[in-house]
Amino acid sequence: MEANRKRLTSIIKTIIFCGHNNISLRGHRDDGILDYESAITGKEGIFRSLLAFRLDSGDNILKDHFKSCGKNATMISKTIQNEIINVLHQVITESIVKNIKKNIFFSIICDETTDVSTKEQLSFSVRYVDMDQSQIKEEFLGFLELSSTTGIAIKNEILKQLENFGLNLGHVRGQGYDGGSNMSGRFNGVQALILEEQPLAVYTHCFSHGLNLCISKVCELSTVRNMVGIVGAVSVFLSASAKRNNILLTVIENTDSVSLPKKTKLKAMCTTRWVERHDSIITFRELFPYIVNALDIIEEDFDREISTKAVSFSSSIKRSDFLISLEIVANLFSYTKDLSIKLQSPQQDLSSAFSHVKEVIQIFEAKRNNCDEEFSICFKNASEVASKIGEEIKIPRLCGRQTNRNNIKTSNPEDWFRITIYIPFIDHFITELNSRFNDRFKDIIPLEGLIPANNHKYKTEEILKAALIYDDDIPANSHLEIQAELELWKTKWTNIENPKPQTAVETLVHCKVFYPNITILLQIFATITITSATAERSFSSLRRLKNYMRSSMTEDRLNGLAVLHIHKEIPIDIDDVINRFSRQKQRRMKTEDWSKD
């Protein structure tokens, strides 16, 4: 009956709204009874409040339903909620999977975490190129609860998930994981085990994780390590207390300055996200004079324990090696921060990702080759900051013989700090970036020569050799046919002046009709994963959905709500949801025909 469809439509729309906005569907009662007077006040939870609001807004069909139906047929109990959420999950994932199958090739992106109920959750996402829209898409498909975190167990769960979605392992062209041994191990890691079954599934150690490891390794230089530790401790000391944070805000507001800083609150050091550490150090440098003044006030106005900490912190941040290290690191981190943000974008392909890394390496190499002038600027800035707080940059105390500290024979502070901090730090940075990024994807990277902006970088023979790796995927009948198409393609773009496409996806628009082999090769090249950031973003949704108030949530309900929350942009056909829901089993709601068929 039409009335039944309308009243169920109202309930489903309310569930969708709650799912999109992470609103709890549970109140203090789990039955199907709606007490209007109690619900409208919010005492029965937000979901029932929204239903009561619908009644107030003139939804007479829903109002008649709650008045006339039995207590076991209201369609709002937790059991019915779970059934509707599962149907919504099916509708959304089938829409995504249909598009993946249409575009054939895809890559797997996975990462694992522990949820609030101490269950190990594996985030499962896929990356593919939507050829109709000429756009790279990375789509979350669900969480997998793991009973074991060994490589073989995770690999079996991934293959089972592919089978459940009807996705063919033979079409997998990439794998994106972090650097954990169970995921990246050469013999028993997930990537190695999947490569045994699908040799074309190229493994990518997440570029963002690689950059984080690089920076972490570089910051092991003793003076830099000490500076980072002090910045983290001071940031927590000032931001963790409302009183101490207000002192810092008051100092900033009462400063007679033409331009006040944009940021007025320190960020605590995040243990995992190095983008946050970039912000922490850069913000600390910007607020440094205000921080010193705030610590001086705290030293005088607070109790003994807090005052002692303030004195210790104030003494530490006024040291010459701290000021120099802060200036150097903030300067270089301003480049790697932008790089870190770019590498987390789903729209990056191998060519653009390596290009961004190489740009940073080139800048660092230029700074190293011109280290006298570059460090002179850093030293001047640090000296100006020191003078504002009544300090002077000095060489640390030296003695005739030292085995554990630098003992450079110079009386000039600028020379001493350049030799002991700046040059070792930037040399280490360049070495780490080169070692972690330059030797990867040697076999397939020549395919970036198909991108017009890289037309000059590779010979036809090099591109052909990389193309033949995917010989079974491209429609060419012979190697000569592929070679001929490559030469025609290179000639076409040689005769065209700038601007030229810079990425594989941008290039696809120009080759779909007349260059079928190149189209497939570019599609595969763009499909290979760059980062596992999409999986990590799903962890943010996991923490919002399954929190300490909802720690007993079942896996099916979690997956349904997660997919609904993450894929807000996917339109949902309510009629399709109702028809699927009605076919699951016989319902107590009286109706002659649920479907329109």
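Preceding this paragraph is the structure being described.
Sequence order sets the numbering: in each chain, residues are counted from 1 along the sequence as written. Given that this is a predicted model, residues contribute local features only at a pLDDT of at least 70 and side-chain atom pairs are listed and counted only at 80 or more, while totals for whole chains, interfaces and linings are drawn from all residues. Hydrogens and waters are ignored; side-chain quantities use all the structure's heavy atoms.

Chemist: What is the right way to read the overall build of the protein from this model?
Modeler: Put simply, DSSP marks the helices as runs of H or I at least four residues long and the strands as runs of E at least two long, and each gets a number from the N terminus on. Regarding its fold elements, the protein presents 25 helices and five strands. Considered along the principal axes of its C-alpha atoms, the protein spans approximately 95 × 80 × 45 Å. Counting all 597 residues of the protein, 54% fall into the buried class. Contacts are assigned to residue pairs with any non-hydrogen atoms lying within 4.5 Å of each other. Summarising the internal contacts of the protein: among those between residues at least 6 apart in sequence, 70% fall at separations of at least 24. Each accessible area is a Shrake-Rupley result for a 1.4 Å probe, and residues are judged covered by the shown protein chains and nothing else. Of the accessible surface of the protein, which amounts to about 28200 Å², a share of 48% is contributed by carbon and sulfur atoms. Residues scored as charged are limited to Lys and Arg (positive) and Asp and Glu (negative), so that His and the chain ends carry no count. For the purpose of locating charges, the reference atoms are NZ of Lys, CZ of Arg, CG of Asp and CD of Glu. In the protein, 75 side chains carry a positive charge and 76 a negative one; their mean positions are 4 Å apart. For each residue, the accessible area found with a 1.4 Å probe, counting protein chains only, is set against the maximum for its type, and the residue is called buried under 20%, exposed over 50%, and partly exposed in between.

Chemist: When you look at the packing of aromatic side chains in this model, what are you seeing that I'm missing?
Modeler: Working definition: an aromatic ring pair is given by the centre-to-centre distance plus the angle between the planes. Ring pairs shown here join Phe, Tyr and Trp side chains whose ring centres sit within 6.5 Å, with only the six-membered ring taken for Trp; geometry is labelled stacked below 30 degrees between planes, edge-to-face above 60, and tilted in between. Throughout the structure, instances matching the rule amount to 19 aromatic pairs. For the pair F207 and F354, a centre-to-centre distance of 5.3 Å together with 65° between the ring planes defines the contact as edge-to-face. Linking F207 in helix α9 (residues 207-218) with F354 in helix α16 (residues 350-369), this pair joins segments that are 147 residues apart in sequence. Accessibility classification places F207 together with F354 in one group, the buried group.

Chemist: Help me out: how do you make sense of the side chain of H356 in this one?
Modeler: Among the secondary structure elements, H356 is positioned in helix α16. On the basis of relative accessible area, H356 is assigned to the buried category, the value being 17%. Under this definition, polar contacts are N or O atom pairs within 3.5 Å; protein pairs additionally need one hydrogen-donor-capable and one acceptor-capable atom, and for neighbouring residues in sequence, both atoms have to be side-chain atoms. Of note is the side chain of H356, whose polar atom sits 3.4 Å from the side chain of Q348. Not counting residues up to four positions away in its chain, the partners in contact with H356 are L339, K342 and Q348.

Chemist: Help me understand the nonpolar core, please; the structure alone is not making it clear to me.
Modeler: Generally speaking, a soluble globular protein has its nonpolar side chains buried in company with each other. Residue types Ala, Val, Leu, Ile, Met, Phe, Trp, Tyr and Cys, when buried and joined through side-chain atoms within 4.5 Å, form a set referred to as a nonpolar core. Counting residues in each nonpolar core, the largest one holds 108 residues, and the members touching the most others are F284, I291, I317, F322, L350 and F429. Counting residues in hydrophobic clusters, the runner-up holds 69 residues, among them I11, I84, L561 and I574.

Chemist: Sorry if this is basic, but what is going on with the packing of helix α3 (residues 46-56) against helix α4 (residues 60-68) here?
Modeler: Each pair of packed helices can be summarised by the angle the axes make with each other and by the distance between the axes. The geometry of α3 relative to α4 is characterised by a closest axis approach of 8 Å and an angle of 115° between their N-to-C directions. Taken as a pair, α3 and α4 cross one another with a handedness that is left-handed. On the side of α3, the interface is formed by L51, R54 and L55, while α4 contributes L62, K63 and F66. Basically, the charged four are Asp, Glu, Lys and Arg, the nonpolar ten are Ala, Val, Leu, Ile, Met, Phe, Trp, Tyr, Cys and Pro, and anything else, Gly included, counts as polar. Residues of the contact of α3 with α4, tallied by class, amount to four nonpolar, no polar and two charged. The angle between two axes is taken between their N-to-C directions and runs from 0 to 180 degrees, where each axis is a line fitted to C-alpha atoms and a helix contributes only its stretch in contact. Take the far helix as your reference; a near helix turned counterclockwise from it by less than a right angle gives a left-handed crossing, and one turned clockwise gives a right-handed crossing.

Chemist: Explanation requested: the pairing of strand β1 (residues 106-114) in the structure shown.
Modeler: The two faces of the sheet receive side chains in turn, since in a regular strand these alternate between them. Most of β1 is tucked away: eight of the nine residues are buried. Bridge count for β1 against strand β4 (residues 172-177) is four bridges, and the pairing is parallel. Bridge pairing links S107 to G174 in β4. In this analysis, strands are considered paired if DSSP registers two or more bridges between them. With eight bridges connecting them, β1 and strand β2 (residues 120-130) associate as antiparallel partners.

Chemist: Looking at this model, I keep getting lost on the pattern of salt bridges. Mind explaining?
Modeler: Pairing between side chains of opposite charge can happen when the charged atoms of each approach one another. In what follows, salt bridge is the name for a side-chain nitrogen of Lys or Arg lying within 4 Å of a carboxyl oxygen of Asp or Glu. With the rule as written, the count across this model stands at 18 salt bridges. A salt bridge links K337 to D279, with the shortest nitrogen-to-oxygen separation between them at 2.5 Å. Here D279 lies in helix α12 (residues 274-286) and K337 lies in helix α15 (residues 320-343), a separation of 58 residues in the sequence. The residue R319 makes a salt bridge to D321 at a minimum N-O spacing of 2.9 Å. Classification of R319 as partly exposed rests on a relative accessible area of 45%. Taking the relative accessible area as the measure of exposure, D321 reaches 17% and is therefore buried. Here the residues in one salt-bridge network are E94, D576 and R580, joined through shared partners.

Chemist: Even after reading the chapter, I still don't get the environment of S376, so can you show me in this structure?
Modeler: Within the element layout of this structure, S376 appears in helix α17 (residues 371-388). With a relative accessible area of 31%, S376 lands in the partly exposed category. The spatial distance from the C-alpha of S376 to the C-alpha of E414 is 7.3 Å, given a sequence separation of 38 residues. Once residues lying within four places of it in the same chain are set aside, the contact partners of S376 are C371 and E414.

Chemist: Would you explain α9 in this entry?
Modeler: Because the α-helix completes a turn every 3.6 residues, residues three or four places apart line up on one side. Its 12 residues give α9 an end-to-end C-alpha distance of 16 Å, which sits within 8% of 16 Å, the value for a rise of 1.5 Å per residue. Of all 12 residues in α9, nine are buried, a share of seventy percent or more. Looking at α9, one finds that the buried residues are F207, S208, H209, G210, L211, N212, C214, I215 and V218. Here the expected span of a helix is defined as 1.5 Å times the quantity of residues minus one.

Chemist: Explain a nonpolar patch on the surface here, please?
Modeler: Like-charged residues within 9 Å of one another, or nonpolar side chains (Val, Leu, Ile, Met, Phe, Trp, Tyr) within 5 Å, are grouped into patches, provided each residue has over 30% relative accessible area and no salt bridge. On the surface, a nonpolar cluster with roughly 390 Å² of combined accessible area is contributed by V116, Y548 and M549. Relative to the helices and strands, V116 resides in the loop between β1 and β2.

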